[in-house]
Amino acid sequence: MTHLSSAAAAGIYHYDEIDRRFLAERVEQFRRQVARRLSGELTEDEFKPIRLMNGLYLQLHAYMLRIAIPYGVLSSDQLRALAVIGRRYDRGYGHFTTRQNLQFNWIKLVDVPEILADLAAVDMHGIQTSGNCIRNVTTDQFAGAAADEIVDPRVYAEILRQWSTLHPEFSFLPRKFKIAITGSGHDRAAIAVHDIGIRARSGPGGAVGFEIFVGGGLGRSPFLGRRLADWVPEADLLGWLEAVLRVYNQYGRRDNIYKARIKILVHEVGIDRLREQVEEEFARIRGPKYRLDPEIVETIRRHFAPPAFAALPAVSPALEQARAGDPAFARWTRSNLTPHRQPGYAAVTISLKPTGGIPGDATSEQMEAVAALADRYSFGEIRVSHEQNLVLAHVRQDDLPALWRELGRHGLDAANAGLVGDIISCPGLDYCALANARSIPLAQDISRRFADLDLQHRIGPLKIKMSGCINACGHHHVGDIGILGVDKHGVETYQITIGGTATEEAALGQVVGPAVGYDQVADVVEALVALYLERRGEGESFLQTVARIGVRPFKEKVYGAAA
Amino acid sequence: MARSGEEAKVVSANRLDTGVVVWLGDGNVWVERVEAAVPLSGPAADAALALARQSVEARVVVEPYLVEVTVVGGHPQPLRPRERIRALGPSVRPDLGIQAGTVG
């Protein structure tokens, strides 16, 4: 195995030998399972749950392998390994998902053992990217970098990863279970729409505690998470989560897949009763076994120690000069930079949404280019955002002009992060066996309609989110503009919502009116944006405009005054 | 076999070892082009599906099912968008899938 060098990439959790031995054994186990399947020793019914436990689905065109990227953090070596797998075993590209994972779409079963071995060599796998278990824990893509961060959520995301990995009691839950954690006041991790959402906070004396929400989720029955606890001390975090999962495991419905998520349990029994049950369970199990040892926290925290930042002035003259001399660069810096906690640095969003591109797709060459740029400019570390972009979290402001030019050479310089062109889109009917309608080509169509970047910047932040079926992988319920594809008698049809958001002011979008046809979607989006531009007040966001004037004017704009 | 202009069904599945989409063609051979699939109606379609299940037992394919088609010029064309995309490849990547000859 060619394990990652310990050469100090920023914020990467490195496996120990126990992790690596386990992963190697798991690869060999799956190699034998594939051989037994191909020889007929295992039936498809017996094999299917095994392959799913390793992230291997059978999708519309071929097998699809979903690879876990814990809390969206990758080393450059890991990204390079993904690029090689994409080139060697797939079609030269991969798709970054709203779960901060990566999917390959054209995988052969016979190749999977070798792919898993290649992944294991860089401490990666596809375990718990499928099935009714605790899935990849997701977090803020700017963790450890954002100027507004209070607590670094990666530390706790890693603790949760270790706690939930192969947890024997939670491997066969009523349904899949998703946990998201943020450590900032501004929620970039969409915690309100996860089974458990955690906001890490700082208390008196610097003590860390957690506000816990439960029962959020999208899909067929969207719910925002309800507050379960205002303040869970750090030491009790795992005990509390263990209690929540135990209550869910006991009372969650297994009779109906559509009612099996914890959001339905919360809805049916009520948050107060659920809290009582969780508190009873927590009181019962409370003790050393579930107490999070501060020494363990500190050990994990050391993995996420800040990289060797240079002492720099807060404002870079080189950056300001480049901004003044190049409007295109200046525009990119307005949309694709996030303030960094360290003076003289910035967090850079690499948009995977070029005009007319496929949201979230990156070629092997692009992955390798980003890995090289991460080595050169960001301590060898890359993040994947749930908005299907990549992030270099720690870039010196002085280096931004050079970085931008390099990104441009690889088609990665789209100046649209957070704008209309930065569309979240699930794979939809073009790849997904569950989808009812296409989503990617509509995202491309909308992206082309707003190809004028100056227009996008005039419009300002506006999130379009699109799903090709009710499972809502594209988070359409929480888009400023949400688009849901449905199959109406064999015809792709789209329901439009407005006013949703997944931030700390989380809200579910409201339906604008009757569903529209495939060819009308981009026109509708244009009309909605046009009305926003007509009616918005000074500095008013799309969401604020919808809240102030209501849905009706938007409906009339789309369907006519008689609507 | 169904005639031109008729609605009928074909059997589709994925190859076990590669996952490639296949269709049941003449002589019960699995083919990669839907045009070469045999369109069938009524009990003949159900019988073909039963035959396909034997292919599952033989570890050639997985997850066989019937796909609704219309027969044009003697060749089946899937009726639903899902199956049309599955037969050709992603509509957003004409360079991939059977439409580009890159399957297998």
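This one's a predicted model, so the numbers in the text were calculated from it and none came from an experiment. (Residues numbered from 1 in each chain as written. Chains lettered and ligands numbered in written order. Predicted model: local features only at pLDDT ≥ 70, side-chain atom pairs only at ≥ 80, totals over all residues. Heavy atoms only, no water.)

Novice: Which residues make up the side chain of Ser385(A), and what are the values?
Specialist: Mapped onto the elements, Ser385(A) comes out in the loop between strand 14 (381-384) and strand 15 (390-396). If we skip the residues at most four places from it in the chain, Ser385(A) touches Thr97(A), Gln100(A) and Gln141(A). (Helix = DSSP H or I, 4+ residues; strand = E, 2+ residues; numbered from the N terminus. Contact = heavy atoms within 4.5 Å.)

Novice: For the pattern of salt bridges, give the residues involved together with the corresponding values.
Specialist: Using the criterion set out here, one finds 56 salt bridges over all chains in the structure. Note that Arg253(A) is salt-bridged to Asp255(A), the shortest N-O span being 2.9 Å. Measuring nitrogen to oxygen at the nearest pair gives 2.9 Å for the salt bridge that ties Glu298(A) to Arg301(A). Pair noted here: Glu298(A) and Arg301(A) are both in helix 9 (residues 294-303), with a separation of 3 residues, about one helical turn. The class for Glu298(A) is partly exposed, based on a relative accessible area of 37%. When salt bridges with common partners are traced through the structure, they connect Arg37(A), Glu44(A), Lys48(A), Arg51(A) and Glu63(B) into a single cluster. (Salt bridge = Lys/Arg side-chain N within 4 Å of Asp/Glu carboxyl O. Buried < 20%, exposed > 50% of the residue type's maximum accessible area, 1.4 Å probe, protein only.)

Novice: Explain the interface of chain B and chain A to me, and be specific about the residues and the numbers.
Specialist: Each side of the interface is counted separately: chain B has 26 residues, and chain A has 32 residues. Carbon and sulfur atoms supply 59% of the area buried between chain B and chain A, which totals about 2400 Å² over both sides. When the buried surface of chain B facing chain A is broken down by residue, Leu16(B), Arg82(B) and Val92(B) rank first, second and third, together holding 22% of it. Run the count over chain B and chain A and you get 3 salt bridges. Close ionic contact of Lys48(A) with Glu63(B) constitutes a salt bridge, the shortest N to O distance being 3.8 Å. For the interface between chain B and chain A, the tally reads 8 residue pairs in polar contact (both at pLDDT 80 or more). The set of elements that each furnish at least two residues to the side of chain B that touches chain A consists of strand 1 (7-15), strand 4 (61-72) and helix 2 (81-88) of chain B. Counting residues per element, the side of chain B that touches chain A draws most heavily on helix 2 of chain B, which supplies 4 residues. Residues that form the side of chain B that touches chain A fall into these classes: 10 nonpolar, 8 polar and 8 charged. (Buried area = accessible area lost by both parts, 1.4 Å probe. Polar contact = N/O pair within 3.5 Å; in protein donor to acceptor, adjacent residues only side chain to side chain. Nonpolar A, V, L, I, M, F, W, Y, C, P; charged D, E, K, R; others polar.)

Novice: Report on the environment of Glu234(A), specifying residues and quantitative values.
Specialist: All names here are of chain A. By secondary structure assignment, the location of Glu-234 is in the loop between strand 10 (226-233) and helix 6 (237-251). Judged by relative accessible area, Glu-234 falls into the buried class, the value being 15%. For Glu-234 and Phe-210, which are 24 residues apart along the polypeptide, the C-alpha to C-alpha distance reads 7.0 Å. Here Glu-234 is in contact with Tyr-156, Val-208, Gly-209, Phe-210, Leu-292, Val-297 and Arg-301, once residues within four sequence places are set aside.

Novice: So, the sheet that holds strand 14 of chain A: which residues are in play, and what are the values?
Specialist: Residue and element names in this part refer to chain A. Read across the open sheet, the 5 strands follow the order 3-14-15-12-11; overall the sheet is antiparallel. The sheet terminates laterally at strand 3 (73-75) and strand 11 (337-339), the two strands that pair on one side only. Strand after strand, the sheet turns through a mean of 30° between neighbouring axes, direction not considered. Sheet topology note: the strand 12 (residues 345-350)/strand 15 ladder contains 5 bridges and is antiparallel. Bridge assignment links Ile-350 to a residue of strand 15, and that residue is Leu-390. Lying on the sheet, helix 3 (residues 76-89) is in contact with strand 3 and strand 14; it crosses strand 3 at an angle near 85°. (Pairing = 2+ DSSP bridges. Axes fitted to C-alpha atoms, helices over the stretch in contact; angles between N-to-C directions.)

Novice: Got a sec to walk through the domain arrangement of chain A? Specific residues and values, please.
Specialist: All names here are of chain A. According to the domain assignment, chain A consists of domain 1 (6-121), domain 2 (145-303) and domain 3 (424-559). Using C-alpha coordinates to define each centre, domain 1 is positioned 33 Å away from domain 3. If you look at the interface, domain 1 gives 10 residues, while domain 3 gives 10 residues. Of all residues in domain 1, Gln-59, Leu-60 and Thr-98 bury the most surface against domain 3, accounting for 56% of the area lost on that side. At the boundary of domain 1 and domain 3, one finds 0 salt bridges. Here domain 1 is connected to domain 3 by 5 residue pairs in polar contact (both at pLDDT 80 or more). Taken together, the elements giving at least two residues each to the side of domain 1 that touches domain 3 come down to strand 4 (93-96) and strand 5 (102-107). Considered class by class, the residues forming the side of domain 1 that touches domain 3 number 4 nonpolar, 6 polar and no charged. (Domains from an automatic or database assignment.)

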